[in-house]
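# An overview of the molecular structure
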Amino acid sequence: MASLVVYACQRLAESAALSVDRASRKVSDSLASVGIGTVIWALDIAACAVREDMRLHEWPLSPSLAALLLTVLVCRLTVPVLIYRSSWQQGLLASLGLAAGVMLAHLVIVTDCFVMPVQMNSMLGVLTLCLMAALIAYRSWRYQHNRLSHHGMHTNSWAEWLACGGAIVLLHGLLAHVFVRIETGELADASFAHGVLVPVMVGVFAGAMALEQFFNMRSDQGRQQFFQQGLSLMRADGARLPSQADTQLALIADHLHQLVHPQRLVLHFQPIADMRTSSLHMEALLRLEHDRLGRINPEHFFLACELRGRTLEVDRLIIANALDHAVDWHAQGLQLPVHVNLAPSTMMSDGFVQWLGAQLAQRALPASQLRLELTEHAIIERAQAMSGVMEQLLGIGVEVLMDDFGSGYSSLGLLADLRIAGIKCDRAMVRNLAQDARRQTLLQHVAAMARDLQLQVTVEGVENEVELHLAARCGIDCIQGYLFARPMPAADVPRWMAQEAPARLRAMVQVLAAKQEPPALPAGQGSQPAVA
């Protein structure tokens, strides 16, 4: 039973730690604290019931309820610290606080709310407090270690659970000798049956309450997944987050205070080639690494920022970072427009257009050197509200592109209603393009429609000559993908532009000038760059 209590407490802590946004985390912390306090109290009740100096027919209800309230209160104060502690000092203090609270609740039961006299062994009491705090601190450390590892949180063996359960049994044995009731010879008037029924009913209530907390946790996790999925559509390509991403997302949220820093938000740049003019643009792509978390998925990072309300801050840092790199390239004679992905909430925030204009003016950078990209999902969701902001951006010379076009439920009417400069077709548009005649027809009509609307069309994910040739035959002017170039650090862009870009552009033009049917795709080379 003691081992199951340890297991239940850790599972409750793990469930609480999966919450990311502050509101959900407060609810989860409260539920986990109540659940952990309840199961700890229920185990203490069971241990007291088997003590020789505790007579069931003399056991009143009030001390048990007082101990329950005290245990839950102490857990509410200490469990969140143990789950999210940022230093070992915090963990140690929380462990001592929880151990002291559990011992005080045990004393309340033994003394019938300090009515019955007890004999206390002080030295043994200090030893028990230290051992209990050490066990709590160890479980907290193991939890943190498993949480930060790549193996997940549920990596403890049953041998370890049994060992922790044995330690709890030992601690309760010590508690029985720390607080020894002094018999006064007075017996309670209550019947034996009533005395047994009260703790049984209270124990059943405690078990039901703990079970309810588990179900509440599961419901809350389901709500969060729907919420997170909805937010992810506003910035990513709409791919469903895997269930194991919840753990990583919570860890990212806990370390945002370290990650949201200009030096942490490293940008790599992937070229976008215009086959008609042989000109190049650069798309800024975020790359994140952390000493403890390792390489971080940018989509998970952006989602964590959205849930914690730090999207505006992060987007502004990324834009400023990208503009600084553009200024450096400009000083070296490179006129490279930079594309930056943006969250809709950032673009629609108060004063954003004025802030962006000031950033461009501060760097003496032409507004044509910056293009903002928003996903199709984001534009569809807030099209009416965005219309005015796009007009303001065009007023200062900054164009907006629709990214991931074709990845969801496209609204073609928006292409005419909104002042966007172009569309970027999702990589799904060129997937199996050589084998799918219907997909070729679709891409051809998209290009023709965009051309009639005077919109530039870019296709992402072009990875071989076959896809390049077919995209050009469909009327696509701009391509982006591993065929032409992979993302590179900002410092490597000038060297790449001087040494590799001209040859790659010439090779691409030669492929398109061949005016022949697209070559057959070699088996097993679908993702290998063909333009050297």
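Scroll up to find the structure this text is about.
Quick look at the structure, then.

### Quick word on the overall build of the protein chain
When you go through the protein chain residue by residue, the secondary structure sums to 20 helices and 12 strands. The buried share of the protein chain, taken over its 532 residues, is 51%. Restricting the contact set of the protein chain to residue pairs at least 6 apart, pairs at least 24 apart contribute 76%. Of the roughly 24800 Å² that the protein chain leaves accessible, carbon and sulfur atoms contribute 59%.

### Regarding the nonpolar core
Counting 97 residues, the largest nonpolar core has Phe301, Phe352 and Leu393 as the members making the most contacts within it. Examining the composition of this core, we find that 7 residues originate from one element, helix H11 (residues 311-331), more than from any other. When sequence neighbours within four positions are dropped, the list of residues in contact with Phe301 reads Ile252, Leu256, Leu259, Val260, Leu265, Leu286, Leu288, Ile296 and Val314. Counting 40 residues, the second largest nonpolar core, distinct from the first, contains Val6, Leu12, Ile168 and Val178.

### What about the side chain of Arg363?
Counting through the fold element by element, Arg363 comes out in the loop between helix H13 (352-362) and strand E7 (370-375). Residue Arg363 is classed as buried on the basis of its relative accessible area of 16%. Here the side chain of Arg363 touches Gln359 through a polar contact of 2.6 Å, side chain to side chain.

### Focus on the packing of aromatic side chains
Inspection of the entire model under this criterion finds 5 aromatic pairs. Plain terms: the ring middles of Phe269 and Trp329 are 4.8 Å apart, the flat faces sit at 75° to each other, and that makes the pair edge-to-face. Of this pair, Phe269 sits in strand E3 (residues 266-274) while Trp329 sits in helix H11, placing them 60 residues apart in sequence. Residues Phe269 and Trp329 agree in their burial class; the two are buried. An angle of 55° between the planes, with centres 5.8 Å apart, marks the rings of Phe301 and Phe302 as tilted. The same class applies to Phe301 as to Phe302, namely buried.

### Overview of a nonpolar patch on the surface
Together, Trp88, Leu92, Leu93 and Leu96 give the surface a local cluster of nonpolar side chains, amounting to about 440 Å² of exposed area. Looking at the element boundaries, Leu93 is found in helix H4 (residues 88-110).

### What to know about the pairing of E3
Within E3, 8 of the 9 residues are buried, which leaves it mostly tucked inside the rest of the structure. Where E3 and strand E4 (residues 279-290) come together, 9 bridges link them in antiparallel fashion. Paired with Ala273 across the strands is Leu280, a residue of E4. What sits between the antiparallel neighbours E3 and E4 is a turn of 4 residues, in which Ser278 has the positive phi angle 60°.

### So, the packing of helix H10 (residues 298-308) against H11
Interaxial distance between H10 and H11 falls to 8 Å at its minimum, and their mutual angle equals 135°. The angle between H10 and H11 places the two elements in the oblique class. The segment H10 lies against H11, with Phe301, Phe302, Cys305 and Glu306 engaging Thr311, Val314, Asp315 and Ile318. Considering only residue class, the contact of H10 with H11 consists of 5 nonpolar, 1 polar and 2 charged.

### Section: unusual backbone geometry
Glycine aside, negative phi is the norm for most residues, and most peptide bonds take the trans geometry. Despite not being glycine, Ser278 shows a phi value in the positive range, around 60°. Note on placement: Ser278 falls in the loop between E3 and E4. Ser278 sits in the partly exposed class, given a relative accessible area of 35%. You will see that Gln454, though not glycine, has its phi angle at about 60°, which is positive.

### Some points on the pairing of strand E10 (residues 456-460)
Across the 5 residues that make up E10, a large majority, 4, are buried. Inspection of the sheet shows E10 paired to strand E11 (residues 478-480) by 3 bridges, in the parallel sense. Paired with Glu460 across the two strands is Gln480, which belongs to E11. On the question of chirality, the crossover connecting E10 to the parallel E11 by way of helix H18 (residues 465-473) is right-handed.

Parameters at a glance
Each chain has its residues counted from 1, following the order in which its sequence is written. Thresholds applied to this predicted model are a pLDDT of at least 70 for local features of residues and 80 or more for the giving and counting of side-chain atom pairs; totals over whole chains, interfaces and linings are not thresholded and use all residues. The side-chain values count all of the structure's non-hydrogen atoms but skip hydrogen atoms and water molecules. A run of DSSP states H or I qualifies as a helix once it reaches four residues; a run of E qualifies as a strand once it reaches two. Both are numbered from the N-terminal end. Each residue is assigned to one of three classes by its accessible area relative to the maximum for its type, calculated with a 1.4 Å probe on protein chains only: buried under 20%, partly exposed between the two thresholds, exposed over 50%. Throughout, a contact is declared for two residues whenever any of their heavy atoms are within 4.5 Å. Note on areas: these come from Shrake-Rupley sampling with a 1.4 Å probe, and a residue is covered only by the protein chains present in the view. Only buried residues count toward a nonpolar core. Its members are Ala, Val, Leu, Ile, Met, Phe, Trp, Tyr and Cys residues joined through side-chain atoms within 4.5 Å. Polar contacts, as counted here, are pairs of nitrogen or oxygen atoms within 3.5 Å of one another; within protein the pair requires one atom able to donate a hydrogen and one able to accept it, and residues that are adjacent in sequence qualify only if both atoms are side-chain atoms. By convention, a stacked pair of Phe, Tyr or Trp rings (six-membered ring in the case of Trp) has centres within 6.5 Å and planes under 30 degrees apart, an edge-to-face pair has planes over 60 apart, and any other such pair is tilted. Patch membership is restricted to residues that have no salt bridge and whose relative accessible area is over 30%. Joining uses 9 Å for like charges and 5 Å for the nonpolar side chains Val, Leu, Ile, Met, Phe, Trp and Tyr. Any carboxyl oxygen of Asp or Glu within 4 Å of a side-chain nitrogen of Lys or Arg constitutes a salt bridge here. A pair of strands is treated as paired once DSSP finds two or more bridges between them. With axes taken as lines fitted to C-alpha atoms, and helix axes fitted only over the stretch in contact, angles between N-to-C directions fall between 0 and 180 degrees. Roughly parallel means an angle under 35 degrees; roughly antiparallel means over 145; roughly perpendicular covers 65 to 115; every other angle is labelled oblique. In the scheme used here, Gly and all other residues not listed as nonpolar or charged are polar, with Ala, Val, Leu, Ile, Met, Phe, Trp, Tyr, Cys and Pro taken as nonpolar and Asp, Glu, Lys and Arg as charged. Note on handedness: a clockwise path from strand one over the helix to strand two, with the strands aimed away from the viewer, defines a right-handed crossover.

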